[in-house]
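Now for the letters of each chain:
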Amino acid sequence: MKAKIHVYLKPGVLDPQGAAVAGALHNMGYDEVTAARQGKLIELDLTGDDADTARKRVDEMCSKLLSNPVIESYSIELE
Amino acid sequence: MKAKIHVYLKPGVLDPQGAAVAGALHNMGYDEVTAARQGKLIELDLTGDDADTARKRVDEMCSKLLSNPVIESYSIELE
Amino acid sequence: MTQYAEGITAEIVKEHGINDEEYAVILERLGRAPNMVELGIFSVMWSEHCSYKSSRAHLGKFPTSGEKVIQGPGENAGVIDIGDGQACIFKMESHNHPSYIEPYQGAATGVGGILRDVFTMGARPVALMNALRFGAPDHAKTTHLVSGVVAGIGGYGNCVGVPTVGGETNFHAGYNGNILVNAMAVGLADTDNIFYARGAEPGQPIVYVGSKTGRDGIHGATMASAEFDDQSEEKRPTVQVGDPFVEKKLIEACLELMATDAIAAIQDMGAAGLTSSSVEMADKGGIGIHLDMDKVPQRESHMTAYEMMLSESQERMLVIMKPGREDVAYDIFKKWELDVAVIGETTDSGRMVLTHKGETVCDIPVAPLADDAPKYERPYFPPEARAQLNAKDIAKPDHMGDILLKLMSSPDMASKAWIWKQYDRHVMADTAASSEDPSDAAIVRVHGTKKALAITTDCTPRYCFADPYEGGKQAVAEAWRNLTATGADPIAITDCLNFGNPEREEIMGQFVGCIEGMAEACDVLSFPVVSGNVSLYNETNGVAIPPTPAVGGVGLIPDMDQRAGFGGMKEGNILLVVGETNGAMGASVYLKEIEGREDGGAPLVDLKTEKLHGDFVRGQIRAGRLTACHDLSDGGLACGAADMALASDCGIKLAHEPESTVPMHGFLFGEDQARYLLAAEKEDAIAILQDAKAEEVPVQVVGLAGGTAITVNGAHPLELDRLRAAWEGWMPGLMDKLVEAAE
Amino acid sequence: MKSAVIVFPGSNCDRDAHDAIEKVTGHKPAMVWHQESDLPEGTEFIMVPGGFSYGDYLRCGAMASRSAIMPAIVAHAATGAPVLGVCNGFQILTESGLLPGALMRNAGLKFVCEKAKLKVENANTRFTSHYEGGAELIVPIAHHDGNYFADADTLDRIEGEGQVVFRYGNNPNGSARDIAGITNEQGNVMGMMPHPERAVDANHGGTDGLKLFESLLGSA
Ligand SMILES: Nc1ncnc2c1ncn2[C@@H]1O[C@H](COP(=O)(O)OP(=O)(O)O)[C@@H](O)[C@H]1O
Ligand SMILES: [Mg+2]
């Protein structure tokens, strides 16, 4: 099984990387970009085939390691 | 409109981040994880509502700025 | 004899960079046609990068031995004796092509590679330097390349925790299509615990440690030796990615292993990875080698023996252990969470035998791979001599302050703080002077002692282009001078010889000229070459880079309390110039920036004078007579004075004698060699002048410290605030134009 | 005072921390490997040094804060004993929840190494008692992720409680309210981005970090 985890900054947390991306795109003439945010995508390959267990375990990995609750949220997709 | 861009390392390119994440998860007892990869997720807010134009422009942004064609690939999703 | 083995064609042989004569030698040596794996192995071992086939004939001209030399060229790095049972181990290397293709990873892996050369020998790396050459500031690619290279050097060095303490940066259109990224690493070891690639005997286990092998950089070695053309973009996937975290663990684990007595020989996997590391150890030990490719730690599935042997995956080492001691390595490398595997053993066959999936995939004698590698005496002709150019031949400008401002904010002279602020310069807590400090060389304390290493990198490509022989001499002399100006005893150099295509006679002429000039300087200054690297084929579409023999010099400061910098000048100090000023203007910064010309001969370097003046200055430093000391080079006296004024936050009143035969602009901006600018209290200045007279060293009073501006004969003022803003502002101004996303 | 320096595989200021502590106390601190689960008997002061504990992959300090030794450090802090995290150590302490807030990528996005101007905001902590309140110091910084973030309520609270110990004179990384170093509520755990251990010797170009160790450890 594969888990795709999307980790992104919580609303209200300053995102220096996103701001730099937006700024750079503007400088290049892409004026249609009104905002940019940058997050992480973590893909895990997992053994086992019980989706419920996998989701529970991956959720745990996210809260214990893969995201920092002070600044980040996450979402999980299983494939 | 929103564009979600996923930038990931080309297959075969060393992914030190992914390897370190897999190692840490193992140390924490998550033995079901056989591999981890880490990529970037960039979200853009866009004005305009022509999806074709948007896709073409975002594709251009990806190849010119948002990804490094030497080692990375990308995919685009429009919402 | 069949000409080609199954599946191999003339085309494939050619793609491996092996020409007809070379292929004929292989056929003769093997007594049969090589298979694909064997061809690949010959290809990398006989590439310019590994075999030095164009350069070996001339590298022998360097003096390489001396009282303090423990190991000269031929091992992973050079080793010098710094007393008290301690040794300094150092080397410089290029990563030019990879950095042009992928600046971040190219530069980062360059740093990783040079660090491995140094800790392979048992040294703890203590300092990094970088010598960078970029294209014209306004060239389309320049800012992108600067940004990526600097981030890559910092990204790697900062993470492994070795301070990047200094370097040099030039911009010139001659590097538009071929930037130069030369990195130098310096380490410390005990003289009785140095490790070599030689020393293996038959019957010893071969242990692979570090990262897994992937398909990275296959053909990297041949790529580094091939000329660039418009199709180079296609070679992109061969660039490797570095992992400084693994390197850090590898350093610690190797040093831990080296503290045991379990190692017979050790070699890092650099260019041509497993191939060159195993062949070199086999060759130096005069033995054979058997590797079981199934045991090689692999990152990807279905790797072929060819791929594994040619892979340039980073952060890997090969260790030949004493029999029965494998466990020692396993314990240490497991603790550091690194891969470790016994992948073969040494034999007495003198052959390199590889097995994979039950088959023998390679069986060739070791000797021809290493010793019998082709060696070329390439034809060359020296470039036409250029006439000297003196300030007298050049129109005198109106306002010297304006000229000085322009020079100090020109690309080569402006502050490089934008670069070095991205480097951790203080980690390890032994840095006493780095890029930010007013010191002609970086100074790194020998941990726990009052001794310090002085380290510099130098080369003036303008001079080498004008006159390879004088330019080569000058590069070595300037390195020697920079070390001297801190109070250090210069000991030895490493070098990185960056040139164009050696198959062109004029390029080969530059190469030979530079080497002969360097060799003479090394000889007269007792400053031998202990390690180095050659990078040829630095050309794009037939246009070669300016000849750039970068020199990395190392010296020793016996007592940290007896050293000098150029930031201590005080109001009322007398300024003195050691050495004669004649107004040499050929190939000078003044000529380029003010007159827009790059002609004229390089300034002449008289090595005996160089030595006399340097020894004099060092004596004055040790006598504690100087408040500031700076060697004079690019931009002459005025630019040296400007450096001193900015660093000391004190103005300088320069005095040019109107009846002098040297015109004012020659006095201020001439680049005559063997000169130093000293600042001293009045009584000390008198003593210096007396000593100078006794020792027949020309020393001239040129001005007085004071005020908030630099003036000449009370006129031509340049306020320090204005100067500082321009000097500091140039590079941020350039880089702010860059549009780039975050990593 | 018995001290311990925690060593992660990518720590690179561990030796510097060791030497600074030894210089001030005259005693060598124990070097404790991250895979240990106990601290040496009698440990009083713990220093979590700078570096790139796990390559700083994922998030700086994230993986280190989940390592085997961490529960022992948390338990030790709970007894009120002093714990100091410098640079990566600060990141590890915020990641482990011992200190509030988070350290994000520098606002300028680049790694910054410079001799930073600092102001002592609170000289009434066990880490700063030898300084004068409001003293200006020069202490080197070297980091890529030193941009201190916390939500407005947290910031107000830590300001109000005197938990902000050091502020930058010239904000190098975008930190909220110029914050360079903070303590926990109890005042026994401190994190700071600048490296006091790189300013304890005249050859470092300054000794402004010395008093921090002296406050904490007393002179030898
Ligand atoms: N690429 C670089 N990396 C680190 N430091 C650099 C680099 N380029 C220049 N510097 C630093 O900037 C200062 C001035 O350099 P340079 O003009 O070459 O000195 P000089 O000509 O006096 O030898 C030196 O301290 C040098 O170490
Ligand atoms: Mg110089």
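A brief look at the structure comes next. (Residues numbered from 1 in each chain as written. Chains lettered and ligands numbered in written order. Predicted model: local features only at pLDDT ≥ 70, side-chain atom pairs only at ≥ 80, totals over all residues. Heavy atoms only, no water.)

## Notes on the side chain of Asn147(D)
As a reminder, the rule being used: Helix and strand definitions here come from DSSP, where helices need a minimum of 4 consecutive H or I residues and strands a minimum of 2 consecutive E residues; each element is numbered from the N-terminal end. The buried label goes to any residue with under 20% of its type's maximum accessible area, the exposed label to any with over 50%, and the partly exposed label to all in between, with areas taken from a 1.4 Å probe on protein chains only. Whether two residues are in contact is decided by their heavy atoms: any pair within 4.5 Å suffices.
In this fold, Asn147(D) is placed in strand β8 (residues 147-149). Given the relative accessible area of 4%, Asn147(D) is considered buried. Excluding its chain neighbours within four sequence positions, the residues that come into contact with Asn147(D) are Pro16(A), Ala102(D), Leu103(D), Met104(D), Arg105(D), Asn106(D), Ala107(D), Asn173(D), Gly174(D), Ser175(D) and Ala176(D).

## A look at the relation of the copies chain B and chain A
Taken together, a rotation about one axis and a shift along it account for how the two chain copies relate. Threshold: Copies are brought into register by a least-squares superposition over C-alpha atoms of residues with pLDDT of at least 70 in both.
You can overlay chain B on chain A at an RMSD of 0.2 Å; the transform is a turn of 180° with a shift of 0.0 Å along its axis. On the angle and the small slide along the axis, the relation comes out as a two-fold axis. Within chain B, the C-alpha atom positioned nearest to the axis of rotation is that of Lys40(B), 2.4 Å from it. Mapped onto chain A, 100% of the interface residues of chain B are again interface residues, and the two copies thus contact each other with one and the same surface.

## Digging into the coordination of the magnesium ion (ligand 2)
Residues and elements named next belong to chain C. Quick reminder of the rule: Excluding water, the donors of a metal are its N, O and S neighbours within 2.8 Å, or within 3.2 Å for Na, K and Ca, and that exclusion means sites may look incomplete.
On the protein side, the magnesium ion (ligand 2) has Asp458 (OD), Glu478 (OE) and Asn482 (ND2) as donor atoms, found 2.6 to 2.7 Å from it. Counting gaps between the donor residues of the magnesium ion (ligand 2) yields the pattern D-x19-E-x3-N. Here Asp458 is found in strand β16 (residues 452-458), whereas its partner Glu478 is found in helix α18 (residues 468-484), with 20 residues between them in sequence. The exposure classification of Asp458 matches that of Glu478, with both residues buried.

## Quick word on the packing of helix α21 (residues 607-622) of chain C against helix α24 (residues 682-695) of chain C
Residues and elements named next belong to chain C. Short version of the rule: To get an axis, fit a line to the C-alpha atoms, keeping to the stretch in contact for a helix; angles then go from 0 to 180 degrees between the N-to-C directions. Note: crossing handedness is left-handed where the near helix turns anticlockwise from the far helix by less than a right angle, and right-handed where it turns clockwise. Only Asp, Glu, Lys and Arg are considered charged in this grouping, and only Ala, Val, Leu, Ile, Met, Phe, Trp, Tyr, Cys and Pro are considered nonpolar; every other residue, Gly among them, is considered polar.
Contact geometry of α21 with α24 gives a least axis separation of 11 Å together with a crossing angle of 145°. Crossing hand, α21 versus α24: right-handed. Touching Leu612, Phe616 and Gln620 of α21 are Ile688, Asp691, Ala692 and Glu695, all from α24. When grouped by side-chain class, the residues that make up the contact of α21 with α24 number 4 nonpolar, 1 polar and 2 charged.

## Things to note about the site of ligand 1
Residue and element names in this part refer to chain C. Here is the rule we go by: Definition of nearness: a residue and a molecule or strand are near each other if at least one heavy atom of the residue lies within 4 Å of the molecule or strand. N or O atoms within 3.5 Å of each other form a polar contact, as long as, within protein, one can give a hydrogen and the other can take it, and as long as residues adjacent in sequence are counted only when both atoms are side-chain atoms. Per-residue accessibility takes into account occlusion by the displayed protein chains alone, with areas from the Shrake-Rupley method and a 1.4 Å probe.
Taken together, 14 residues sit near ligand 1, with Asn130, Gly166, Gly167, Thr169 and Ser435 positioned nearest. Within the backbone of Gly167, one N or O atom sits 3.1 Å away from an oxygen atom of ligand 1. The side chain of Thr169 places a nitrogen or oxygen atom 2.8 Å from a nitrogen atom of ligand 1. When ligand 1 is considered free in solution it has 560 Å² of accessible area, and contact with the protein chains removes 78% of it. Those elements that provide at least two residues to the shell around ligand 1 are β4 (124-134), β5 (164-171) and α16 (417-420).

## Examining the interface of chain A and chain D
Condition: Buried area, as used here, totals the accessible surface that two parts lose on assembly, with accessibility defined by a 1.4 Å probe and the loss added over both. A pair is scored as a salt bridge if a Lys or Arg side-chain nitrogen falls within 4 Å of a carboxyl oxygen belonging to Asp or Glu.
Counting from both sides, the interface comprises 18 residues of chain A and, opposite them, 15 residues of chain D. The contact between chain A and chain D buries some 1,300 Å² in all, and 68% of this surface belongs to carbon and sulfur atoms. Looking only at chain A, the three residues that lose the most surface to chain D are Pro16(A), Leu65(A) and Asn68(A), adding up to 36% of its buried area. For the pair chain A and chain D, the number of links is 1 salt bridge. In this assembly, chain A and chain D are joined by 5 residue pairs in polar contact (both at pLDDT 80 or more). Elements that contribute at least two residues to the side of chain A that touches chain D include exactly α1 (16-27), β2 (33-46) and α2 (51-66) of chain A. Broken down by element, the side of chain A that touches chain D gets its largest block of residues, 4 residues, from α2(A). Grouping the amino acids of the side of chain A that touches chain D by side-chain chemistry returns 10 nonpolar, 5 polar and 3 charged.

## Some thoughts on the pairing of β2(A)
This is how it is decided: We treat two strands as partners when DSSP finds at least two bridges between them.
Across the 14 residues that make up β2(A), a large majority, 11, are buried. Note that strand β1 (residues 2-9) of chain A and β2(A) share 6 bridges and pair antiparallel. Across the sheet, Lys2(A) pairs through a bridge with Asp45(A), a residue of β2(A). Note: β2(A) against strand β2 (residues 33-46) of chain B, 13 bridges, orientation antiparallel. Bridge pairing in β2(B) places Asp45(A) opposite Ala35(B).

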